[in-house]
Amino acid sequence: RPMSSVTIPPPACMLRPLEAPLRYLFGPGPSNVPPRILAAGGRPIIGHLHPEMYEIMNDIKKGIQYAFQTENNMTIAMSGSGHAAMECAVFNTVEPGENVVIAINGIWGERVAEIAERMGANVHRMVKSPGGYFSNKEIEQVIEKHKPVLFFLTHGESSAGLCHPVDGIGDICRKHDCLFLVDTVASLGAAPIFMDQQNIDILYTGSQKALNAPPGTAPISFNERACQKMFNRKTKPVSYLFDMTHLSNYWGCDEKPARVYHHTGPVSGFFALRESLAILAERGLEASWKKHKEVAAYLYRGLEDLGLKLFIPDRDLRLPSVTTIAIPEGYDWRELLMYIMKNHQIEMTGGLGPSIGMVMRIGLMGYNCEKHNADMALHALADALKNCKKSKA
Ligand code: PMP
């Protein structure tokens, strides 16, 4: 074929430079990435199977073990966002036809229920409206009734702004021979979680919230009970990419003498994730939890001074990384958020899934979790409340 046979010309947009504006990411994620993490992600690429890369992956594993407070050997980072970890957890530990119980009090339980249904599990939903939470007694009753192999709970429900209590649930699951799966995508580093002490069998998070790494990698860990179940399956998991038999080898967590090629991990993403975990280790978990709590309390006061109502009435149940505000009476929440973006370059967001139309959300996570950022967010909100007309309705 002659070289001139292309019929699709180069698109005009590709002949223009990339534009990515500077924005204050005060929504529920991604959060702003500090220069040190950006620089780590900008380092020259090395091969995904080079010994230096294995070292970096080993470091990441140690960093995750610290962040999760676990000694689990089966600790890796997914090549993919939080959803990759959600699918990995369910695909590997549940077989088609098995019962699972999913606690739903916002969008994340809904998503995991759908993921489990798609792979053929029998899904039993425990549902509360956004902001609701489940008592251990309620959870135990449902587990006794359905005898599931897995129970799912969201620790940091970012769509509702709720931080769910976890103590005691792991013991209930153990008693009933059920695996306890917990989502900490929005809460890790911002609110205490202790994987081993709290008997959590599978725990995952995301890179782009309080860890402040770019989106695209997701730490996950499985304890011995979870490994027993997932490595003694009758069927293969539906996903090849997320099969823990392969991933455990890629991350050097199995007994095999060598790591073999499975897929090409996101090398730059792993560099950045390593740096974000290093920052958390240097800072210390307790200091990070304390800071999130203090800045959140400062934000609550400012919001109340503006006459706004916090969506989660019980302060102890509020998620320190993502604060939800009830939509102020008479305002159009979309207009408020658009005004804030246009005039202050600040991202705040509305609800998600069942909380749409119920809340507006402010996230101050990790690097962004500072009083001066809370002040900026409050100033922008005050300005929007003054200038966005109240609707006549
Ligand atoms: N779980 C929770 C609690 C989250 O907040 C999010 C992201 N908003 C996810 C899961 C999904 O993560 P991702 O968007 O990285 O796939």
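Residues numbered from 1 in each chain as written. Predicted model: local features only at pLDDT ≥ 70, side-chain atom pairs only at ≥ 80, totals over all residues.

Student: Honestly, the overall build of the protein chain in this entry has me stumped. Any pointers?
Tutor: Along its length, the protein chain carries twelve helices and 14 strands. Its C-alpha radius of gyration of 22 Å places the protein chain within 12% of the 21 Å reference for a compact globule of 393 residues. On the principal axes, the C-alpha backbone points of the protein chain span a range of 70 × 65 × 45 Å. Looking at the 393 residues of the protein chain, the share that counts as buried comes to 48%. Of the contacts formed within the protein chain by residues at least 6 apart in sequence, a portion of 74% connects residues at least 24 apart. (Helix = DSSP H or I, 4+ residues; strand = E, 2+ residues; numbered from the N terminus. Rg over C-alpha atoms; globule rule 2.2 N^0.38 Å. Buried ≥ 20, exposed ≤ 12 C-beta atoms within 10 Å, placed from the backbone. Contact = placed C-beta atoms within 7 Å.)

Student: What should I look at first to understand the UniProt feature "domain: Aminotransferase class V" (unreviewed entry) in the protein chain in this one?
Tutor: Using the residue numbers shown here, the UniProt feature "domain: Aminotransferase class V" (unreviewed entry) corresponds to residues 24–370. Secondary structure content for residues 24–370 is 38% helix and 16% strand, while the C-alpha to C-alpha distance between its ends is 12 Å. (UniProt positions renumbered as here; feature names shortened; annotations may be inferred.)

Student: Could you clarify how one ought to interpret the domain arrangement of the protein chain in this entry?
Tutor: Interfaces are often sized by the accessible area lost when the parts come together. Taken domain by domain, the protein chain consists of domain 1 (24–30 + 285–387) and domain 2 (35–282). For domain 1 and domain 2, the distance between their C-alpha centres works out to 27 Å. Across the contact, 28 residues belong to domain 1 and 28 residues belong to domain 2. Those elements giving two or more residues to the side of domain 1 that touches domain 2 turn out to be α10 (285–305), β11 (322–326) and β14 (359–363). Counting residues per element, the side of domain 1 that touches domain 2 draws most heavily on α10, at four residues. (Domains from an automatic or database assignment.)

Student: Explain the nonpolar core to me, please; I cannot follow it from the model alone.
Tutor: In a soluble, globular protein the nonpolar side chains are often hidden away together inside. I102, A116 and F151 are the most contacted members of the largest nonpolar core, which totals 112 residues. Excluding residues within four positions of it along the chain, F151 makes contact with V101, I143, C173, C178, F180 and L181. (Core = buried A, V, L, I, M, F, W, Y, C linked by C-beta atoms within 7 Å.)

Student: Help me out: how do you make sense of the UniProt feature "modified residue: N6-(pyridoxal phosphate)lysine" (unreviewed entry) in the protein chain in this one?
Tutor: On the UniProt side, "modified residue: N6-(pyridoxal phosphate)lysine" (unreviewed entry) is annotated at positions that read K209 here. As for its position among the elements, K209 is in the loop between β9 (202–204) and β10 (217–222). Accessibility expressed as a C-beta count within 10 Å gives 29 for K209, which makes it buried. Not counting residues up to four positions away in its chain, the partners in contact with K209 are G29, S31, V185, A186, S321 and M365.

Student: Quick question: what am I supposed to make of the sheet that holds strand β8 (residues 179–183) here?
Tutor: Hydrogen bonds along the backbone pair up the strands of a sheet, which may run parallel or antiparallel. Sheet architecture is open: seven strands sit in the order β2-β10-β9-β8-β5-β3-β4, paired in mixed fashion. The open sheet is flanked by β2 (74–79) and β4 (122–127), the only strands paired with a single partner. Neighbour-to-neighbour, the strand axes of this sheet turn through a mean angle of 20 degrees, independent of strand direction. Sheet analysis places β2 next to β10, joined by six bridges and oriented antiparallel. Bridge assignment links A77 to a residue of β10, and that residue is P219. Sitting on the sheet, helix α4 (residues 107–118) touches β3 (99–104), β4, β5 (150–154) and β8, and the angle it makes with β3 is about 160 degrees. Packed onto the sheet, helix α5 (residues 136–146) meets β3, β4 and β5 and runs at close to 155 degrees relative to β3. (Pairing = 2+ DSSP bridges. Axes fitted to C-alpha atoms, helices over the stretch in contact; angles between N-to-C directions.)

Student: What is the right way to look at the sheet that holds β14 in this model?
Tutor: Spatial strand order, β11-β14-β13: three strands in an open sheet with antiparallel pairing. This sheet does not close on itself; its edge strands, each paired only once, are β11 and β13 (349–350). Examined bridge by bridge, β13 and β14 share two bridges and lie antiparallel to one another. Along β14, the bridge assignment pairs G350 with M360.

Student: Which parts of the structure should I look at to understand the packing of helix α2 (residues 51–68) against helix α9 (residues 267–283)?
Tutor: Each packed pair of helices is defined by two parameters, the angle between the axes and the distance between the axes. It is at 9 Å that the axes of α2 and α9 come closest, and there the two elements cross at 40 degrees. Taken together, the axis directions place α2 and α9 in an arrangement best described as oblique. Crossing hand, α2 versus α9: left-handed. Contacts between α2 and α9 pair M53, I56, M57, D59, I60, G63, I64, Y66 and A67 from the former with V267, F270, F271, L273, R274, L277, A278, L280 and A281 from the latter. Residues of the contact of α2 with α9, tallied by class, amount to 15 nonpolar, one polar and two charged. (Parallel < 35°, antiparallel > 145°, perpendicular 65-115°, else oblique. Left-handed = near helix turned anticlockwise from the far one by under 90°. Nonpolar A, V, L, I, M, F, W, Y, C, P; charged D, E, K, R; others polar.)

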